[in-house]
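Chains, contacts and geometry: an overview
One-letter residues, chain by chain:
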Amino acid sequence: MSDRMPRASGYFRTGYAQEMALTKTRLERASLFVFVVLLLAFPYFASAFYLDLANQVFLAAIGALSLMLLTGYAGQVSLGHAGLLAAGAFTAGILYKEINAPIYLTIPAAAVTGAVLGVIFGLPSLRLRGLYLAVSTLALHFIVVYLGGEYETKRGFSTGITIDAPVIAGFRLYGGKIWYFILLTFAAGTLLICVNLLRSRTGRAWRAIHSHETVAEALGISIAGYKLLAFVISSAMAAVAGALFAYYRSFVSVEAFSLFLSIQYVAMIIIGGMGSLLGALLGAVFVTLFPYLIEAALMKLPNAQSYAGLLFAVNYAAFGVVMILFLVFEPQGLVGIWRRIQTYFLLWPFKHKPVAGARK
Amino acid sequence: MTPPLLSVDKLEVVYNRAITAIQGISLSVQTGQIVAILGTNGAGKSTTLRAISGFLGIDDARVTEGAVTFKGQRIENRPPNEVTRLGIVLVPEREKVFPNLTVAENLAAPFAPSMSNAERREREDLIYHFFPRLADLRTRTGGLLSGGERQMLAVASGLVCKPELLLIDELSLGLAPVVVEDLMQRLLQIRKELGITIVIVEQSAAVALEIADYGYVLENGRVVLDGDRERLTSHGDIQEFYLGQSSGDRRNYRDVKQYRRSRRWYG
Amino acid sequence: MQLFVNIIVLSSIYALIACGYVLIYRVSRVLNLAHGELMMLGSYLLLTTASSFSGHPAAAIAAAVVLSLTVGVLVYVFLMRKMTGEMALAAVLTTVALGILLRGLMVLIWSAQQQYPGQALGFSNPAIALPGGGRISTFAALLVLATALTYAALFFFLRFGRWGVRMRAAGQNPLLAAQRGINLHAVYALAWGLSTLTGSIAGMLISLDSGLTNTMVIIGLKAFPAALVGGLDSLAGALVGALIIGAAEVLSIQYIDPLLSDVVPFLILIAMLVVRPWGLFGTREELDRV
């Protein structure tokens, strides 16, 4: 794992098995257990509103994790993530409308669509880097969304495609509580896949490409192969998130996948903290809940109702401000803040970490 | 003794907040002198010059200790454009001209402090007087110049900034000896006619000591030896390791080690 | 003939906007994705000055022009200046965030409704019949003229103006430029100011011609392929790129499918990125800058 520093003082690894273990100390295991129990118990206490928020967070988390793999680890910038989500959602929607396909077919189909699109999104990355790559993904986003819109108008669903709640073995997947568990499972699964990918050869290859392409190539890493792989995996995950979104909302429309959504996903990984899965999760939570926090804050003001029409604009402006603040003042994101707090307590009563190779 | 034009006092520069490039270099430059800074690759010569002329944010380098004083004013860690306006101009080692600008544009781009158009034209004539070749090349693009022409243009565009102190990094790099000889004579002429003080950084001691009044030898980021031209040219180590003149008999490894040991005393 | 007029007008719009992308990219290697929003801000500024200088349209336009120049400089001084020395990508994302912020603010201040600064200024917009049977509205004609003038002025400034030469110098080698006494911050601020100014002029003329809504941002975004197809660091390229994009868009609306209008620029962009990523007139080594 990337953090060389033991998470608890006095803890040092004594074998390779320990290095590979997902949880390292008893405290970690205990807190993970408590966290899981809380997650599982949550739907039994929460209101429908909070349940919906949690579900949105899970959906965003899948998308943010996949983008983090691509951008935060493999270093390939994408401004077209919403296009991939749209592709997944439309695959599910179209298959449902045209051949009435069940959910256990549409979700894998969405993943395949995502993977194929991933190759297409990834091809420019073999020639382009940085800015130009970002621009090419931006252009692809517009093209995917155009194709979706084209389908809507040509088939006469100009307001969008409605999808009925899917049925598996006579059981109707409907309601916030059921979807809470479905989405939680998918989000946890994505997280597990990401964690394992990153500590395998693939993850190391991605990180090598991110730090220096030429050096990575000289070390015998197939640049083209791993770049495409990053795009394929990330896009497949994003497409699955899109398909789940379609089922959860029972509705697909191009309007939901604007450029702003792409930017929101980029914002998630920046605000969360580049190069950290925890960052992707924190970013997903933050960006998803942010508009609701703004709304709640606005409603506290005197004669709140008169502002209601402006809510959307306030959200936009506040979101821009937050993004700028993070980019300028905290490029490491929420994870950076979290790590600083962690180190503070870990090193207490000392103040600074001894820097390896520090002067004098 | 009059206070020096430029004095560098126990200068220390750190790159990327981690790598110490020079540690505790001190030099002083008197008005009207030509001072040579000698040393091999990585000795810290270029870094010293860059520290005097100022770093940009993208360099990620800082003067962490010591002082650079120019005409009684502290100038370390000032941005390059301010240092240039104070009268210190650097001719860098690489990328010393704007490749996509013509020669005339290269000479027009530098910012000269409060200069009227007449003064500017006068300055231009002066430059073409020192480097008549550039006048013929006015419309040629900087990237298409030969190495020697490029070096001329670099010095010339430095002169546009009206320097009192000209810092030149590796004048002789990649140039034929006859071209270097010519450039050195131009520098002497510039000093004589404009009274500009010059600091040159060189790997080639033979070239530098030909025109320099005083010299410093740097190794591993420290000054290991300094003195006027007579002292340096006659110094045994310099003769052997920089001028390549052996005193006749074959040297063996022990002598080199002897030198390595002895040079610590200079630091 | 009308088709030809449409192509020229649309290309002029794109060209006038695209030169803003080129200016900033060429001088500071930053891609300004907030350009569309800044352009829109320019037309809203005109709306405001039109109501405060009612009866003096010339004064209103002059004030709006000065204000937009100031806005550009302020954006650099208060925001982008902090991003110098950071990764190019962080700077781009900052402009994206700025765009979102501006979009929100503009709706808050001026609402999202369609507005007509032309009416506020008391201008009418009669169509002019052209020889050959085409028609062009007055402000569209003015826009074509403004584009021609802007490009002529920019070419002249960058070629012969002392600060223009300095801008080119800073774009080629910022360190050497600083060592030659050029204040990089001044040059960058100037680039941002000029870029916002040209964008705002485009925005004002578009809004005078066809009203002002917040969909104008899309036009700004579609002008970006024009800049890239021509080469992000080439003014002449932006002109050619705008012509290609404009023609392709008008022709595909006419002969294939109106829905395509929002995609065609990006299809061409992708094609260009595959074949010649540095654009028609761009410098090749730009590609490696990340």
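Scope of this entry: the structure provided in the associated data block. (Residues numbered from 1 in each chain as written. Chains lettered and ligands numbered in written order. Predicted model: local features only at pLDDT ≥ 70, side-chain atom pairs only at ≥ 80, totals over all residues. Heavy atoms only, no water.)

1. Describing the overall build of chain B
The secondary structure content of chain B amounts to 11 helices and 10 strands. Taking all 267 residues of chain B together, 51% fall into the buried category. Roughly 12300 Å² of accessible area belongs to chain B as shown, and the carbon and sulfur atoms make up 48% of that amount. (Helix = DSSP H or I, 4+ residues; strand = E, 2+ residues; numbered from the N terminus. Buried < 20%, exposed > 50% of the residue type's maximum accessible area, 1.4 Å probe, protein only. Areas by Shrake-Rupley, 256 points an atom, 1.4 Å probe, with all protein chains shown as cover.)

2. Describing a nonpolar patch on the surface
All names here are of chain C. Among the surface-exposed residues, F155, L239, V240, I244, L280 and F281 lie close enough to one another that they form a single nonpolar patch of about 450 Å² accessible area. The biggest single contributor to the nonpolar patch is helix α11 (residues 235-255), with 3 residues. Turning to its location among the elements, F155 is positioned in helix α6 (residues 138-160). (Patch = residues over 30% accessible without salt bridge, like charges linked within 9 Å, V, L, I, M, F, W, Y side chains within 5 Å. Salt bridge = Lys/Arg side-chain N within 4 Å of Asp/Glu carboxyl O.)

3. Details of the sheet that holds strand β3 (residues 34-38) of chain B
All names here are of chain B. On the basis of which strands lie adjacent, the open sheet formed by 6 strands has the order β6-β7-β8-β3-β9-β10 and mixed pairing. Edge positions in the sheet fall to β6 (88-91) and β10 (222-228), since each of these pairs with one other strand and no more. With strand direction ignored, the average angle separating the axes of adjacent strands in the sheet is 15°. Direction of pairing for β3 relative to strand β9 (residues 214-219): parallel, over a ladder of 4 bridges. Each bridged residue has a counterpart across the sheet, and for L38 the counterpart in β9 is V217. Together, β3, β6, β7 (165-169), β8 (197-202) and β9 form the strand contacts of helix α1 (residues 45-53), whose direction differs from that of β7 by roughly 145°. Along the sheet, helix α7 (residues 177-194) contacts β3, β7 and β8; its crossing angle with β8, the most-contacted strand, is approximately 160°. (Pairing = 2+ DSSP bridges. Axes fitted to C-alpha atoms, helices over the stretch in contact; angles between N-to-C directions. Contact = heavy atoms within 4.5 Å.)

4. Focus: helix α11 (residues 259-272) of chain A
Residue and element names in this part refer to chain A. The end-to-end C-alpha distance of α11 is 20 Å, a good match for the 20 Å that 14 residues give at a rise of 1.5 Å each. In terms of burial, α11 is a largely internal element, 14 of the 14 residues being buried. One or two positions beyond α11, positive phi appears at G273, with a value near 130°. (Expected span 1.5 Å × (residues − 1).)

5. Quick word on the interface of chain A and chain C
Accessible area lost upon the coming together of the parts serves often as the stated size of an interface. Listed by partner, the interface residues are 35 residues for chain A and 42 residues for chain C. Buried surface at the junction of chain A and chain C, summed over both partners, amounts to about 3500 Å²; 83% is from carbon and sulfur atoms. The largest share of the area that chain A buries against chain C comes from A:R127, A:L131 and A:Y132, three residues that together contribute 21% of it. In this assembly, chain A and chain C are joined by 0 salt bridges. Where chain A touches chain C, the interface holds 0 residue pairs in polar contact (both at pLDDT 80 or more). At the level of secondary structure, the elements contributing two or more residues to the side of chain A that touches chain C comprise α6 (130-154), α11 and α13 (311-329) of chain A. In terms of residue class, the side of chain A that touches chain C is made up of 27 nonpolar, 4 polar and 4 charged. (Buried area = accessible area lost by both parts, 1.4 Å probe. Polar contact = N/O pair within 3.5 Å; in protein donor to acceptor, adjacent residues only side chain to side chain. Nonpolar A, V, L, I, M, F, W, Y, C, P; charged D, E, K, R; others polar.)

6. Concerning the packing of α11(A) against helix α12 (residues 277-300) of chain A
All names here are of chain A. Following both chains from N to C, one finds α11 and α12 inclined at 120°, their axes separated by 7 Å at the closest point. Comparing the axis directions of α11 and α12 gives the class oblique. Considering the relative orientation of α11 and α12, their crossing is right-handed. For the pair α11 and α12, contact is made by Q264, A267, M268, I271 and G272 and by G279, G283, A284, F286 and V287, respectively. Tallied by class, residues from the contact of α11 with α12 come to 6 nonpolar, 4 polar and no charged. (Parallel < 35°, antiparallel > 145°, perpendicular 65-115°, else oblique. Left-handed = near helix turned anticlockwise from the far one by under 90°.)

7. Things to note about the packing of aromatic side chains
In this description, an aromatic ring pair is defined by two values, namely the gap between the centres and the angle between the planes. Evaluation of the coordinates by the stated rule reveals 24 aromatic pairs over all chains. Taken together, a centroid distance of 6.3 Å and an interplanar angle of 65° make the contact between A:W179 and A:Y248 edge-to-face. Here the residue A:W179 occupies a position in helix α7 (residues 176-198), and A:Y248 occupies one in helix α10 (residues 223-249), the gap between them amounting to 69 residues. With relative accessibility at 3%, the residue A:W179 sits in the buried group. Its guanidinium or amino end placed over the ring of C:W163, C:R166 lies 4.8 Å from that ring's centre, counting from NZ or CZ. (Phe/Tyr/Trp six-rings, centres within 6.5 Å; stacked < 30°, edge-to-face > 60°. Lys NZ or Arg CZ within 6 Å of the ring centre and 35° of its normal.)

8. A short note on the nonpolar core
Judged by nonpolar contacts, the single largest core of 223 residues is most densely connected at A:W179, A:W206, C:L31 and C:M80. Per-element accounting of this core gives the leading share, 17 residues, to helix α1 (residues 2-28) of chain C. If we ignore the near neighbours within four places in the chain, the residues touching A:W206 are A:L69, A:Y73, A:A74, A:L197, A:L198, A:Y226, A:L229, A:A230 and A:I233. Core analysis: the next-biggest nonpolar cluster, separate from the first, contains 44 residues, B:I34, B:L107, B:A156 and B:V217 among them. (Core = buried A, V, L, I, M, F, W, Y, C linked by side-chain atoms within 4.5 Å.)

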